[in-house]
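Secondary and tertiary structure notes
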Amino acid sequence: MTIFKKEKLHIETWGCQMNVADSEQAASLLSDKYELCEEASEADLIILNTCHIREKAYHKVTSRLGVLANFKKKNPDLVIAVAGCSAQAEGKKLLKNKNVDLLVGPGRIKEISTLVEAAKGSNKKISALGFPKQELTEEENELDKISYPTLSEERNEISRFVTIQQGCDNYCTFCIVPFTRGREISMSPLAVYNQAKAFVEAGAKEITLLGQNVNSYGLDLVKADKLKASKEGPFADLLRLVASLPGLKSLRFTTSNPHDFTKPIADLFQEHPLLGKYLHLPVQSGSNQVLELMKRKVTREEFLERVTWLKEACPEITLSTDLIVGFPGETEENFEETLSLVAQVRFAFAYAFKYSPRTHTPAARYKTQVPEEVKTDRLRRLNELLDQITLEENEKELGKTRKVLFLYKSKKDGGVYCGRSEQFKLVKVPAGRDLTGEQLEVKITKATKTALEGILV
Ligand code: 5AD
Ligand code: SF4
């Protein structure tokens, strides 16, 4: 009898949660022949799942490829694949890099097994870029229901991602995503439900629905006469459907574009305890002039209206956001409007970025680029304000009792379990037994900028 020995796969993932979900899917699709390994030096196949959202993200890929070249000297059969948004956007350049054997765009990740086999059996480089057809067949729409491996400490079988939509149709003027991930395509509600159900049956307690623009989920299916939606819209219908899964304790979704965020979705936070008390709602800027240049289609006032809907539906809701500083044409006054919006909304936390010009995008061609040192200074001022608010908001949690879903045991502090409160705050609790997967009441006893600590009630 010959014992079949699996080869070793090492995956590195940068960027957004869509990429994390894609990496999990790739690992799953390859799991017949490959087992995961932590060290790149031991791998037979390395996948770099890349991000292209800012220039820095792309530079990371090229410098990492330089390091991996050393492993090829030791193991000439090593296959190096570059997947994700940089593969799609910089295909030609990356193919010239002698260490790259395989390129896979985000739209082609489902073909990873076949592509790896082709790359192994060939001296030529393999490239699979581009997007799936506009309409998926029944079969393609069927997500595979295998239990995906997970790839980091916080990502495990308790908390799972389900991709509900590919691509984005919004074309914000700064953003490369519509070029790297293509047009919006929604998975069918049944496919999403079945995938979520399979995860819950395998032990998941939390599902996060993923898309670049989840609030417009299903509008393409309705338009093509493939789906009938209630008057609340297909995304609200999908949330109700997935929330009905027995055993599910938490249902989150990201990313929401305020443009498509409707009152019925906000109202679901009142009706459905599973949705928790947290939402990520990227605003990008507090200035109407800049929002217009970004083609965000939502004004500062309309954004604040959505915040009001959410607070009315769920007074304890916390919000996070994304912000860009130094967008072309942003004046000091415009930037101060961002500061004032942050002070007004008091986001629990935010991801703040310096504007980074991306090839193909309209904003990269604007003549009014802001000098680097001005961007750096604005980012510093914005982060100071954000940090101060995050700490103050966390300190307000002291003494409160919060429902926490425990997700993993801390690797650093023995006997400490980590979870997320309904408000999405990281909570650490010491315990003498395994708490993972349980949702328990915790009294908050300590607050720092990054986490809360507490004791079981
Ligand atoms: N420059 C800086 N930040 C960007 N983002 C997207 N494109 C750019 C860019 N060109 C940010 C936005 C978005 C987040 C995922 O990344 O804030 O919401
Ligand atoms: Fe990019 Fe705008 Fe689409 Fe978000 S909504 S992915 S920022 S184009």
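Along each chain, residue indices are assigned from 1 in the same order as the chain's sequence is written. Chains and ligands are labelled by the order in which they are written, letters from A for the one and numbers from 1 for the other. Since the coordinates come from a predicted model, pLDDT governs what is reported: local features require at least 70, and pairs of side-chain atoms require 80 or more to be given and counted, while whole-chain, interface and lining totals use all residues. The side-chain figures draw on all heavy atoms in the structure; neither hydrogens nor water molecules are used.

**Structural notes on the overall build of the chain**
- Check the secondary structure of the chain and you find 15 helices and 19 strands.
- Its C-alpha radius of gyration of 22 Å places the chain within 12% of the 23 Å reference for a compact globule of 457 residues.
- A total of 457 residues make up the chain; the buried ones form 54% of that total.
- The contact rule is simple, with two residues in contact once any of their heavy atoms fall within 4.5 Å. Residue pairs at least 24 apart in sequence account for 72% of intrachain contacts in the chain once pairs closer than 6 positions are excluded.
- Residue exposure ignores everything except the shown protein chains as possible cover, and the areas themselves are Shrake-Rupley values with a 1.4 Å probe. If you sum the accessible surface of the chain, you get close to 20700 Å²; carbon and sulfur atoms cover 53% of it.
- When charges are tallied, Lys and Arg are placed among the positive residues and Asp and Glu among the negative ones, while His and the ends of the chain are skipped. Here the site of a charge means NZ on Lys, CZ on Arg, CG on Asp, or CD on Glu. If you average the places of the 66 positive and of the 63 negative side-chain charges in the chain, the two averages end up 3 Å apart. Comment: elements are numbered from the N terminus, with helices defined as DSSP H or I runs of at least four residues and strands as E runs of at least two. Each radius of gyration reported is based on C-alpha atoms, and the globular scaling rule is 2.2 Å times the count of residues to the power 0.38. When a residue's accessible area, from a 1.4 Å probe over protein chains only, is under 20% of the maximum for its type it is buried; when over 50% it is exposed; and in between it is partly exposed.

**So, the domain arrangement of the chain**
- Domain segmentation is taken from an automatic or database assignment of domains. Domain assignment breaks the chain into domain 1 (7-128) and domain 2 (401-456).
- Taking only C-alpha atoms, the centre of domain 1 and the centre of domain 2 are 35 Å apart.

**Focus: the pattern of salt bridges**
- We define a salt bridge as a contact between a side-chain nitrogen of Lys or Arg and a carboxyl oxygen of Asp or Glu at a distance within 4 Å. Applying the stated rule across the entire model yields 34 salt bridges.
- Between Arg240 and Glu271 there is a salt bridge whose closest N-O contact spans 2.3 Å. You can see Arg240 sitting in helix α10 (residues 234-243) and its partner Glu271 sitting in helix α11 (residues 263-271), a full 31 residues away along the chain.
- Look at Glu271 and you get partly exposed, because its relative accessible area is 44%.
- Salt-bridge contacts for Glu438 lead to Arg433; the nearest nitrogen and oxygen are separated by 2.7 Å.
- Connected through salt bridges with shared partners, the residues Glu330, Glu332, Asp377, Arg378, Arg380, Arg381 and Glu384 form a single ionic network.

**Quick word on helix α2 (residues 55-74)**
- Bend at a given residue is defined as the angle between two axes, one fitted to the seven residues that end at that position and one fitted to the seven that begin there. Along α2, the sharpest change in direction is near 25° and occurs at Val67.
- In this structure, the buried side of α2 is in contact with β3 (45-50), β4 (79-84), α3 (85-89) and α4 (91-96).

**Focus on the sheet that holds strand β13 (residues 318-325)**
- One bridge is not enough; two strands pair if DSSP finds at least two bridges between them. The strand order β12-β13-β14 describes an open sheet built from 3 strands, whose pairing is parallel. Each edge of the open sheet is held by one strand with a lone partner, namely β12 (278-280) and β14 (349-354). Each strand axis lies, on average, 10° off the axis of its neighbour in the sheet, ignoring direction.
- Two elements, β13 and β14, share 6 bridges in a ladder whose sense is parallel. Paired with Leu323 across the strands is Ala352, a residue of β14. Here an axis means a line fitted to C-alpha atoms, over the contact stretch when the element is a helix, while the angle between two N-to-C directions is reported on a 0 to 180 degree scale.

**A short note on the site of ligand 1**
- Throughout, the term near means that a residue has one or more heavy atoms lying within 4 Å of the molecule or strand in question. Surrounding ligand 1, one finds Ile53, Arg54, Phe174, Gln284, Asp322, Ile324, Phe353, Lys354, Tyr355, Ser356 and Arg358.
- Any N or O atom pair separated by 3.5 Å or less is treated as a polar contact, with the protein-specific requirement of one donor-capable and one acceptor-capable atom, and with residues adjacent in sequence counted only for side-chain atom pairs. Between ligand 1 and the protein, one listed contact pairs an oxygen atom with a side-chain N or O atom of Gln284 at 2.6 Å.
- Looking at the shell around ligand 1, the elements that each hand over two or more residues are β13 and β14.
- Along the lines of polarity and charge, the residues of the shell around ligand 1 split into 5 nonpolar, 2 polar and 4 charged. By the convention adopted, Pro, Cys, Tyr, Trp, Phe, Met, Ile, Leu, Val and Ala count as nonpolar, Lys, Arg, Asp and Glu as charged, and the other residues, Gly among them, as polar.

**What about the side chain of Ser186?**
- Its location among the elements puts Ser186 in strand β9 (residues 185-186).
- Residue Ser186 is classed as buried on the basis of its relative accessible area, which comes to 3%.
- At 2.9 Å, the side chain of Ser186 and the backbone nitrogen of Gly218 are in polar contact.
- A polar side-chain atom of Ser186 sits 2.6 Å from a polar atom in the side chain of Asp220.

**Remarks on the sheet that holds strand β17 (residues 426-430)**
- One closed barrel accounts for 5 strands, arranged β15-β16-β17-β19-β18; its pairing is mixed. Between one strand axis and the next, the sheet turns by 50° as a mean value, whatever way the strands run.
- Here 5 bridges tie strand β18 (residues 439-447) to strand β19 (residues 452-456), and the two strands are oriented antiparallel to one another. Each bridged residue has a counterpart across the sheet, and for Lys446 the counterpart in β19 is Glu453.

**A closer look at helix α14 (residues 332-345)**
- Given a helix with a known number of residues, its expected span is that number minus one, times 1.5 Å. Under the 1.5 Å per step criterion, the end-to-end length of α14 is 20 Å for 14 residues, consistent within 8% with the ideal 20 Å.
- Among all positions of α14, only Asn334, Phe335, Thr338, Leu339, Leu341, Val342 and Val345 are buried. All buried residues of α14 fall inside an arc of 160° around its axis, so they share one side.
- If you follow the buried residues of α14, they end up packed against α12 (288-294), α13 (300-313), β13 and α15 (372-395). Throughout, the arc means that of the directions going from the helix axis to the C-beta atoms.

**Section: the pairing of β17**
- Where strand β16 (residues 416-421) lies against β17, 5 bridges are found, and the strand directions are antiparallel. In the sheet register, Val416 faces β17, and the bridge partner there is Pro430.
- Taking the residues between adjacent antiparallel strands as the criterion, β16 and β17 are bridged by 4 residues, where Phe424 takes a positive phi near 70°.
- Judged from the 2 bridges that link them, β17 and β19 form a sheet pairing that is parallel. Paired with Val427 across the bridge in β19 is Leu452.

**Remarks on the environment of Asp225**
- In this structure, Asp225 sits in the loop between α9 (219-223) and α10.
- Residue class for Asp225 comes out exposed when judged on its relative accessible area of 62%.
- Residues Asp225 and Pro258, spaced 33 residues apart in sequence, show a C-alpha to C-alpha distance of 26 Å.

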